[in-house]
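For reference, the chains in residue letters:
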Amino acid sequence: MPRGRYSLHDPHDHTPLGEEHFHCATGPSGWRYVSQLTTPSGDHAGSVDLTLDDLGRPIRLELHAGGWQVRGAALEGVTWVRTDPTGAHATEGNVPAHAFTGASPAFLVATARLLRPAPGTGAVRTRLVAFTPPVLAPRTLDQSWALVNRTAHPTDNGPLTADEYQVNDLETGEQHAVHLAGDVVLSAPGIELEDLDTPPSAFT
């Protein structure tokens, strides 16, 4: 069960946004990721709880940030309930999309797991619903993911395979690289892996 800490920053001006302390685990029925977020000063800033089934579909999502809460799952596309800080104005949403995304590194692992692009086969397109702090307002976006490089690195526990993905925003044309090893993000725009207590888990 990997446990560790990511540092988060603005990908454009590198302003520190805080840290995400996480643990995650694979199992016969899928994958679960749980984390707590802190501000640069160390105050609590929210949480992420994401569970995928064995095909990479989100069967449970719970996000907290800025007093807002989102609960969602893959149901007739993706379905969610977003609750305001007072709890008086909960809103429901449903979009014919494949999965969720957001600021957490968990969503990068989840999208790669869902799409599973093979090396040399080109990009795979997906439609996602994004929830980003601090208000977790939903936004639908289209991306394409291509696996452009796979490298095995020797370690004390056997070879560690690192995958490099090219991710394209199909609305803006923006491209960026995402580096994953199993169920851990090694690096991505705005995300750096700072600590990892145990090696990443490998998906079967």
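A brief look at the structure comes next. (Residues numbered from 1 in each chain as written. Predicted model: local features only at pLDDT ≥ 70, side-chain atom pairs only at ≥ 80, totals over all residues. Heavy atoms only, no water.)

## What to know about the packing of aromatic side chains
- Scanning all chains against the criterion turns up seven aromatic pairs.
- With a centroid separation of 5.8 Å and 45° between ring planes, the pair formed by tryptophan 31 and tyrosine 33 is classed as tilted. For the residue pair tryptophan 31 and tyrosine 33, the accessibility class agrees, reading buried in each case.
- Centre to centre, the rings of phenylalanine 100 and phenylalanine 131 are 5.7 Å apart; their planes meet at 40°, and the pair counts as tilted. Linking phenylalanine 100 in strand E9 (residues 99-102) with phenylalanine 131 in strand E10 (residues 124-132), this pair joins segments that are 31 residues apart in sequence. (Phe/Tyr/Trp six-rings, centres within 6.5 Å; stacked < 30°, edge-to-face > 60°. Buried < 20%, exposed > 50% of the residue type's maximum accessible area, 1.4 Å probe, protein only. Helix = DSSP H or I, 4+ residues; strand = E, 2+ residues; numbered from the N terminus.)

## Comments concerning the environment of valine 184
- If you trace the backbone, valine 184 turns up in strand E14 (residues 184-188).
- Classification of valine 184 as buried rests on a relative accessible area of 0%.
- With 161 residues separating them in the primary sequence, valine 184 and histidine 23 have C-alpha atoms 9.7 Å apart.
- Those residues in contact with valine 184 that sit more than four places away from it in its chain are Pro2, Tyr6, Val109, His179, Leu193, Leu196 and Pro200. (Contact = heavy atoms within 4.5 Å.)

## Looking at the side chain of serine 7
- Within the secondary structure layout, serine 7 lies in strand E1 (residues 3-9).
- Every residue in contact with serine 7, bar those within four places of it in the chain, is listed here: Gly18, Glu19, Gly190, Ile191, Glu192 and Glu194.

## Let's talk about the pairing of strand E15 (residues 191-196)
- Pairing analysis gives five bridges linking E1 to E15, with the strands arranged antiparallel. Bridge assignment links tyrosine 6 to a residue of E15, and that residue is leucine 193.
- Pairing geometry for E14 and E15, over two bridges, is antiparallel. Residue pairing in the sheet places alanine 188 in a bridge with isoleucine 191 of E15.
- What sits between the antiparallel neighbours E14 and E15 is a turn of two residues, in which glycine 190 has the positive phi angle 80°. (Pairing = 2+ DSSP bridges.)

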